[in-house]
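# What the coordinates show
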Amino acid sequence: MKIIKVPTGKIFVIDGEHGKLECLSLADYGKEKNVKADFLGLTRELNGVPNGKPLPLSKKWVITISSQYGCSMNCRFCCVPQVGPGRNATYADLNRQIIAAIGTESCYKTERLNIHYARMGEPTFNRNVILHAYDLRHRLRWFVEAGTVHPVVSTMLPRGNRELGDFLSDWCHIKNNPDLYDGEAGLQFSINSTCDEQRDAMFFGNSLPLAAISAIGEALPMPKGRKYALNFALADGYEINAAKLKRWFDPEKFMVKITPMHNTGACIRNGIRTTGGYEYFTPYQAAEEALRE
């Protein structure tokens, strides 16, 4: 229905079975340019990533798809709730988004294809995500040859989802099973702050408290391959207490990821920002040092 070009790729609006869905097809600048991680040997300070020439899609391709029409989480930093309440995308909708993204590119072979269930919606409400990821590698063979397929679920850990534990357990089975992804799948918990009061405000009271998230994490199996990620979209005043994280989350299972808070319309309206977050490493230094220690 619509294609919007951005510096690293395209944003699509497609006609789903129950309305409009948004998805992305993106190239990547590469971890040498946009990641700081000691365990990867990338130790320099990361002061901004200019909009230069990204890697070709044949090296790395990221497709981000919507798991729902709209979203009911009402996070104060996100514009998606304006679309309407979260209604689950169908299995066919998930396929249609990927086909739309692949169909407008002239790339039929890539070394790495990341599929992120992380555009519109909270994926853990939608069991079709589990079924889709289970079949994904088989279905992709008809459209693109990918050396590595890496599906990722990013969740806000909704307190209103009674099946959250079952969903995450099933996702970890998909991640760890040698006959499926053998460790090549990702799971990310959107945390943003270690202060429950701050989290209640930013997630509109719809995310579980950290003690409950910790209990869920304890029940998950040891990850094969990449660890589970605790994601912090850092904003001014948000707490990252390394001692709390060490107490609540096993470092053998979990890693911590820190990014700037995206400058969305919702963030601007609600006064949520990361001062210097896209230009300077300064906002992340204190948190990094504490986490290292």
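Placed above this text is the structure.
Below you will find a few notes about this structure. Remember, predicted model here, so these are calculated numbers, not experimental data.

As a further point, take the pairing of strand S2 (residues 9-16). Counting buried positions along S2 gives seven out of eight residues, so the element sits mostly inside the fold. Relative to S2, strand S1 (residues 2-6) is paired through five bridges, and the arrangement is antiparallel. Residue pairing for S2: Val-6 is matched across the bridge by Gly-9. Connecting S2 to the antiparallel partner strand S3 (residues 19-26) that follows it, the hairpin turn spans two residues.

Below, the discussion takes up helix H2 (residues 91-103). Between its first and last C-alpha, H2 extends 18 Å over 13 residues, near the 18 Å set by a 1.5 Å rise per residue. Of the surrounding elements, those touching the buried residues of H2 are S2, S3, strand S4 (61-65), strand S5 (68-69), strand S7 (109-117) and helix H3 (128-140).

Moving on: H3. Where H3 bends most, at Tyr-134, the angle is about 40°. Buried within H3 are the following residues: Val-129, Ile-130, His-132, Ala-133, Leu-136 and Leu-140. Residues of H3 that are buried make contact with S4, H2, S7, strand S8 (145-155) and helix H4 (164-176).

The subject of this paragraph is a nonpolar patch on the surface. Among the surface-exposed residues, Ile-99, Trp-142 and Phe-143 lie close enough to one another that they form a single nonpolar patch of about 360 Å² accessible area. Among the secondary structure elements, Phe-143 is positioned in the loop between H3 and S8. The class for Phe-143 is partly exposed, based on a relative accessible area of 36%.

Turning to the environment of Phe-249, a few remarks are in order. In this fold, Phe-249 is placed in the loop between helix H7 (242-248) and strand S11 (254-260). Accessibility expressed as a relative area gives 4% for Phe-249, which makes it buried. For the pair Phe-249 and Asn-128, spaced 121 residues apart in sequence, the C-alpha to C-alpha distance is 28 Å.

Parameters and conventions
Residues numbered from 1 in each chain as written. Predicted model: local features only at pLDDT ≥ 70, side-chain atom pairs only at ≥ 80, totals over all residues. Heavy atoms only, no water. Buried < 20%, exposed > 50% of the residue type's maximum accessible area, 1.4 Å probe, protein only. Helix = DSSP H or I, 4+ residues; strand = E, 2+ residues; numbered from the N terminus. Pairing = 2+ DSSP bridges. Expected span 1.5 Å × (residues − 1). Contact = heavy atoms within 4.5 Å. Bend = angle between axes of the 7 residues up to and from the residue. Patch = residues over 30% accessible without salt bridge, like charges linked within 9 Å, V, L, I, M, F, W, Y side chains within 5 Å. Areas by Shrake-Rupley, 256 points an atom, 1.4 Å probe, with all protein chains shown as cover. Salt bridge = Lys/Arg side-chain N within 4 Å of Asp/Glu carboxyl O.

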